[in-house]
Amino acid sequence: MIDPFGRDVSYLRVSVTDRCDFRCQYCMTEDMDFLPKAEVLSLEELNRMCSAFIDLGVEKLRITGGEPLVRRNIMWLFEHLSQHLESGTLKELTLTTNASQLARFATGLHTCGVRRVNVSLDSLNPRKFDRITRGGDLEQVMEGITTAQAAGLQVKINMVALKDVNEDEIDVMLSWCGERGFDMTLIEVMPMGDMTGGRLEQYLPLSLVRARLEERWTLTDLDYKSGGPARYVKVGESGGRLGFITPLTHNFCESCNRVRLTCTGQLYMCLGREDSANLRTPLRQDSSDAALKSAITAAITRKPEGHDFVIDRRNQEPVLDRHMSVTGG
Ligand code: SAM
Ligand code: SF4
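Note that the structure is a prediction, hence the values are computed from the model and not measured. (Residues numbered from 1 in each chain as written. Chains lettered and ligands numbered in written order. Predicted model: local features only at pLDDT ≥ 70, side-chain atom pairs only at ≥ 80, totals over all residues. Heavy atoms only, no water.)

## Notes on the side chain of S51
Part 1 of the reasoning: With respect to the helices, strands and loops of the structure, S51 is situated in helix α1 (residues 43-55).
Part 2 of the reasoning: A polar contact of 3.0 Å, which involves the side chain of S51, links it to the side chain of H84. (Helix = DSSP H or I, 4+ residues; strand = E, 2+ residues; numbered from the N terminus. Polar contact = N/O pair within 3.5 Å; in protein donor to acceptor, adjacent residues only side chain to side chain.)

Given below as structure tokens:
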């Protein structure tokens, strides 16, 4: 699937639920209204969706949410998707998780051909972790990470950099990842959804973080691309990689090869734009997948050249009134 700007769209991120056992401050409100079940695609429908994308050329699939591992019977979907790995049409099946349930699922995921997981972890301090996630249990997450590693999954840690919240821990996290052989990615907080928690106050430019880290660590730019928007450096002291995702201060759109599917079957061609295509209707109307596939192909022709994230500093309004748990981050 080639978009109008010549980019080969080969990476699909799929949100399998908008629900989560955490309520991270930058992602959700405390009292979220979740979607009615009828609007959410069934696991069978998600499997059909993913398979259609794979038929059309998607080679990398990332399962996300909400928290993907709280979706009931989620392993059924992984088991079905793993058949595309076996046939060779799919090159990578992976997921992004908060790791709270990873201890239960790590071995099963490995059996399904998953080799890498991204784990979101913003603090190594149990009390701070509880505060950021509004109730998350750090010990449970650590158990999930240890089990994943023992099961043979390569772990990458995603940390959202939050001013005055965890900025003092970035250094500690980098050491911790280095000791365990984990790559790490720092994410700038994005202006999405509810801004009442003071998202503007939480904004910490990663250019500043990098400058601070360079006082202690030897960071060398790498050409390495993970197929995502992160720019990577090599950390001299640990040999690990550190990524920076800076949607607000840099433009990473020129190499964007991804689209995102929500758990209700809306396809977003760009994380930073409102335009989306309804794929649920053609999916439900036509069991042959012909209508679905032509809707996908048509949507790809609408993939924009780039995003336009801006935090409106005067009005403190988010550009997009959409939560990350809807589009899956
Ligand atoms: N629940 C899983 C998790 O936390 O890894 C998967 C879904 S979560 C929405 C995916 C990623 O989006 C996480 O790494 C999370 O930190 C990130 N995220 C959520 N809201 C964000 C925001 N406003 N700005 C930047 N990153 C955000
Ligand atoms: Fe849940 Fe992930 Fe959002 Fe945190 S970032 S509330 S773990 S979906």
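## Focus: the site of ligand 1
Part 1 of the reasoning: Taken together, 19 residues form the shell around ligand 1, and within it Y26, G66, E67, S120 and M190 come nearest.
Part 2 of the reasoning: Contacts to ligand 1 include E67, whose side-chain N or O atom sits 3.1 Å from a nitrogen atom.
Part 3 of the reasoning: In this structure, an oxygen atom belonging to ligand 1 sits 2.5 Å away from a side-chain N or O atom of S120.
Part 4 of the reasoning: Starting from 540 Å² of accessible surface for ligand 1 in isolation, the protein chains cover 95%.
Part 5 of the reasoning: A breakdown of the residues in the shell around ligand 1 according to their chemical character gives seven nonpolar, nine polar and three charged. (Near = heavy atom within 4 Å. Areas by Shrake-Rupley, 256 points an atom, 1.4 Å probe, with all protein chains shown as cover. Nonpolar A, V, L, I, M, F, W, Y, C, P; charged D, E, K, R; others polar.)

## Here's the deal with the packing of aromatic side chains
Part 1 of the reasoning: Taken as a whole, this structure holds two aromatic pairs when the rule is applied.
Part 2 of the reasoning: Pairing F22 with F129 gives two aromatic rings, centres 5.8 Å apart and planes at 85°, and the pair type is edge-to-face. You can see F22 sitting in the loop between β1 (11-15) and α1 and its partner F129 sitting in helix α4 (residues 126-133), a full 107 residues away along the chain.
Part 3 of the reasoning: Look at W176 and F182: their rings are 5.7 Å apart centre to centre, the planes differ by 65°, and that puts the pair in the edge-to-face class.
Part 4 of the reasoning: Using a relative accessible area of 12% as the deciding quantity, one classes W176 as buried.
Part 5 of the reasoning: Positioned above the aromatic ring of Y11 is the side chain of K60, whose terminal nitrogen or guanidinium carbon lies 4.6 Å from the ring centre. (Phe/Tyr/Trp six-rings, centres within 6.5 Å; stacked < 30°, edge-to-face > 60°. Buried < 20%, exposed > 50% of the residue type's maximum accessible area, 1.4 Å probe, protein only. Lys NZ or Arg CZ within 6 Å of the ring centre and 35° of its normal.)

## Examining the pairing of strand β6 (residues 183-188)
Part 1 of the reasoning: The element β6 is largely enclosed, with a buried count of six among its six residues.
Part 2 of the reasoning: The alternating pattern of β6 places D183, T185 and I187 on one face and M184, L186 and E188 on the opposite face, and all of these are buried.
Part 3 of the reasoning: Across six bridges, strand β5 (residues 154-161) lies against β6 in parallel orientation. Paired with M159 across the strands is L186, a residue of β6.
Part 4 of the reasoning: Crossover β5 to β6 through helix α6 (residues 170-180) is right-handed.
Part 5 of the reasoning: Sheet topology places β6 next to strand β9 (residues 241-245); four bridges connect them, and they run parallel. (Pairing = 2+ DSSP bridges. Right-handed = clockwise from strand over helix to strand, strands pointing away.)

## With respect to a negative patch on the surface
Part 1 of the reasoning: Together, D130, D137, E139 and E143 make up a region of like negative charge exposed at the surface.
Part 2 of the reasoning: Among the secondary structure elements, E143 is positioned in helix α5 (residues 138-150). (Patch = residues over 30% accessible without salt bridge, like charges linked within 9 Å, V, L, I, M, F, W, Y side chains within 5 Å. Salt bridge = Lys/Arg side-chain N within 4 Å of Asp/Glu carboxyl O. Lys, Arg positive; Asp, Glu negative; His and termini not counted. Charge placed at Lys NZ, Arg CZ, Asp CG, Glu CD.)

## Side note on the packing of α1 against helix α10 (residues 290-300)
Part 1 of the reasoning: Between α1 and α10, the shortest axis-to-axis distance is 10 Å and the interhelical angle comes to 60°. In terms of axis orientation, α1 runs oblique to α10. For the pair α1 and α10, the sense of crossing is right-handed. Counted together, R48, M49, A52, F53 and D55 of α1 and L292, K293 and I296 of α10 form the full contact between these two elements.
Part 2 of the reasoning: By residue class, the composition of the contact of α1 with α10 is five nonpolar, no polar and three charged. (Axes fitted to C-alpha atoms, helices over the stretch in contact; angles between N-to-C directions. Parallel < 35°, antiparallel > 145°, perpendicular 65-115°, else oblique. Left-handed = near helix turned anticlockwise from the far one by under 90°. Contact = heavy atoms within 4.5 Å.)

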